[in-house]
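Each chain, letter by letter, is given below.
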Amino acid sequence: MITDIPTKEDFYSSGMDYAMMAYTNILDMVLLLEEFNYDSDDAEAEEYWESGRGKLKSSASLLHQGIDFLLKSKVADISPLLLIENNPDRFPKLDRTGKVAYSEFYTQDSAKLPKIYNTFCSPPLSDRFLELYNRSRTRRNKIMHTIDNRLSIQIKEILRESIELILNFSQDTWVDLRQEFLDESPEYKLMYEDRVIKERLQSEFGVLKDFLNNEDFKNVYGIEKRRRFYLCPDCCHPDYVSSPIPTAYLEPNSPRSTNIFCVICKNSFYVRRDRCAETGCPSNVILIDTDECGVCGH
């Protein structure tokens, strides 16, 4: 008898945590570099990324482990037993009571998971997912089995792929997934203030707006990055945000629109269409509640 059989929720929770940790580790390095205002081609920046090669490698490996677990969660929804390697010669011995823990079994190799999924689950995995999954697996294998320091790890590529892979397993928005992950992170548990997480989500928004092309950005945030963004009066309150990042947009997008919607806090705010009084500011979006310009904050 097999005991301690994991559920689909067990695999999903672990998989999401692993994948999100990988993404967070890499993004932390990007945000730290930006804090010191280094350009990506500065000698100091190159030295910084070189010193962080180990962290980047481990994060790439952790990402694939997370996606493996998320795939396993789908298969486990049919039966966790499908994930056990079907070779009786490798089955563990039963204990004196005729029982054996699930964790004692050899499980299916990562390369076999897509085929197992497509055999028992639906809908089938897309060609795009398989491309990203195999690329992630190849990268992980190189990291695990080589000592070649010339292994190239592209920061933007891993961030973009991690988001796309994770979103394949959830109906939630990217902001909701990040909010949930950060809410449960130990470092944010110590801070107790929702504004700290909002500020973090703003910073991530700014990084991804620079890193992603328009199509990828729209897939993540549901809006084209070519749109003009405005300061959210909630997320960008000057009392606690020193360098606010515009995260709100006109909804609908028209010259007469009197409403902005924030991607981060998901709140709507009324605006009036008057020219900003600040010299040189082109804005004609003024927040009604605060009388502040949505572009320059004047």
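Residues numbered from 1 in each chain as written. Predicted model: local features only at pLDDT ≥ 70, side-chain atom pairs only at ≥ 80, totals over all residues. Heavy atoms only, no water.

## Some thoughts on the sheet that holds strand 5 (residues 268-272)
Formally: Between any two strands, pairing holds if DSSP finds at least two bridges. Here a helix means four or more residues in a row that DSSP labels H or I, a strand means two or more in a row labelled E, and each is numbered from the N terminus.
Strand order in the open sheet formed by four strands is 3-4-5-6, and the pairing between neighbours is antiparallel. Whereas interior strands pair on both sides, the edge strands pair on one side only; in this sheet they are strand 3 (248-250) and strand 6 (286-287). Alignment of strand 3 against strand 4 (residues 259-262), held across three bridges, turns out to be antiparallel. Across the sheet, the residue bridging to Leu 250 is Ile 260, located in strand 4.

## Regarding the environment of Thr 173
Quick note on the threshold: For the purposes of these results, a polar contact is taken to be a pair of N or O atoms within 3.5 Å, where, inside protein, one atom must be able to donate a hydrogen and its partner to accept one; residues adjacent in sequence count only when each atom of the pair is a side-chain atom.
Considering the arrangement of structural elements, one finds Thr 173 in the loop between helix 6 (155-167) and helix 7 (174-183). Each C-alpha atom of the pair Thr 173 and Gly 294 lies 25 Å from the other, and the pair is 121 residues apart in sequence. Within the structure, Thr 173 has its side chain in polar contact with the side chain of Lys 266 (distance 3.3 Å).

## Examining the nonpolar core
Quick reminder of the rule: Take the buried Ala, Val, Leu, Ile, Met, Phe, Trp, Tyr and Cys residues and link them wherever side-chain atoms come within 4.5 Å; each set so joined is a nonpolar core. Only protein chains enter the accessibility calculation, which uses a 1.4 Å probe; a residue is then buried when its area is under 20% of its type maximum, exposed when over 50%, and partly exposed in between. In this description, contact between two residues means that some pair of their heavy atoms is separated by no more than 4.5 Å.
Ranked by size, the top nonpolar core spans 78 residues in total, and within it Ile 67, Trp 174, Tyr 221, Ile 260 and Val 263 carry the most contacts. Sorting elements by how many residues they give to this core places helix 1 (residues 8-35) first, with 12 residues. The residues touching Tyr 221, leaving out its near neighbours within four places in the chain, are Trp 174, Val 175, Glu 204, Phe 205, Leu 208 and Val 263.

## As for the pairing of strand 5
With burial as the criterion, only one face of strand 5 is covered, namely that bearing Phe 269 and Val 271; the residues Ser 268, Tyr 270 and Arg 272 on the opposite face remain uncovered. Bridging between strand 4 and strand 5 involves three bridges; their strand directions are antiparallel. Paired with Ile 260 across the bridge in strand 5 is Phe 269. What sits between strand 4 and strand 5 in their antiparallel hairpin is a turn of five residues, with Lys 266 showing a positive phi close to 60°.

## So, the side chain of Glu 161
Tracing the backbone shows Glu 161 in helix 6. At 2.6 Å, the side chain of Glu 161 forms a polar contact with the side chain of Arg 135. Looking at Glu 161, its side chain comes within polar contact range of the side chain of Arg 139, at 3.2 Å. Not counting chain neighbours up to four residues away, the residues in contact with Glu 161 comprise Leu 132, Arg 135 and Arg 139.

## Concerning the pattern of salt bridges
As a reminder, the rule being used: By definition here, a salt bridge exists when the distance from a side-chain nitrogen of Lys or Arg to a carboxyl oxygen of Asp or Glu is within 4 Å.
Under the criterion given, the structure shown has 17 salt bridges. Between Asp 176 and Lys 266 there is a salt bridge; the shortest N-O distance is 2.7 Å. Within this pair, whereas Asp 176 is found in helix 7, its partner Lys 266 is found in the loop between strand 4 and strand 5, the two being separated by 90 residues in sequence. Note on Asp 176: relative accessible area 32%, which makes it partly exposed. Residue class for Lys 266 comes out partly exposed when judged on its relative accessible area of 34%. Note that Asp 274 and Arg 272 form a salt bridge whose closest N and O atoms lie 2.6 Å from each other. Under the relative-accessibility criterion, Asp 274 is labelled partly exposed at 36%. Judged by its relative accessible area of 30%, Arg 272 is partly exposed.

## A short note on empty space enclosed by the protein
Unfilled space is identified by rolling a water-sized probe across the atoms. Basically, it comes down to this: Space inside and on the surface of the protein is sampled on a 1 Å grid over the protein atoms alone, with a cavity defined as a set of points where a 1.4 Å probe fits but cannot get out and a pocket as an open set with protein on both sides within 12 Å along at least 5 of 7 lines; lining residues have an atom within 4 Å of a point. Grid points are joined across faces, edges and corners, and a volume is the space filled by probe spheres set on the points. Charged means Asp, Glu, Lys or Arg here, nonpolar means Ala, Val, Leu, Ile, Met, Phe, Trp, Tyr, Cys or Pro, and polar covers whatever is left, Gly included.
Here the structure, examined in full by the defined rule, presents one cavity of 30 Å³ or more. Size it by volume and the largest cavity reaches roughly 30 Å³. When contributions to the lining of the largest cavity are tallied by element, the ones reaching two or more residues are helix 7 and helix 9 (194-211). Of the residues that constitute the lining of the largest cavity, the class distribution is six nonpolar, no polar and two charged.

## Some remarks on the packing of helix 1 against helix 7
Test applied: Axis lines are fitted through C-alpha atoms, for helices just across the contact stretch, and the angle between N-to-C directions can take any value from 0 to 180 degrees. To sort the angles, those under 35 degrees are grouped as roughly parallel, those over 145 as roughly antiparallel, those from 65 to 115 as roughly perpendicular, and the leftovers as oblique.
At a closest axis distance of 11 Å, the pairing of helix 1 and helix 7 adopts a crossing angle of 95°. The orientation of helix 1 with respect to helix 7, classified from their angle, is roughly perpendicular. The segment helix 1 lies against helix 7, with Met 16, Asp 17, Met 20, Met 21, Tyr 23 and Thr 24 engaging Trp 174, Leu 177, Arg 178 and Phe 181. Counted by class, the contact of helix 1 with helix 7 contains seven nonpolar, one polar and two charged residues.

## Examining the confidence of the model for the protein
Applied cut-off: Along the chain, pLDDT gives the predictor's confidence residue by residue, from 0 to 100.
Of the residues in the protein, 90% reach a pLDDT of 70 or more, and the chain-wide mean stands at 87. Least confident of the elements in the protein is helix 8 (residues 186-189), whose mean pLDDT is 73; most confident is helix 4 (residues 113-120), at 96.

## Digging into the side chain of Ser 136
Secondary-structure assignment places Ser 136 in helix 5 (residues 127-145). Not counting the four nearest positions on each side in its chain, Ser 136 is found in contact with His 64 and Leu 165.

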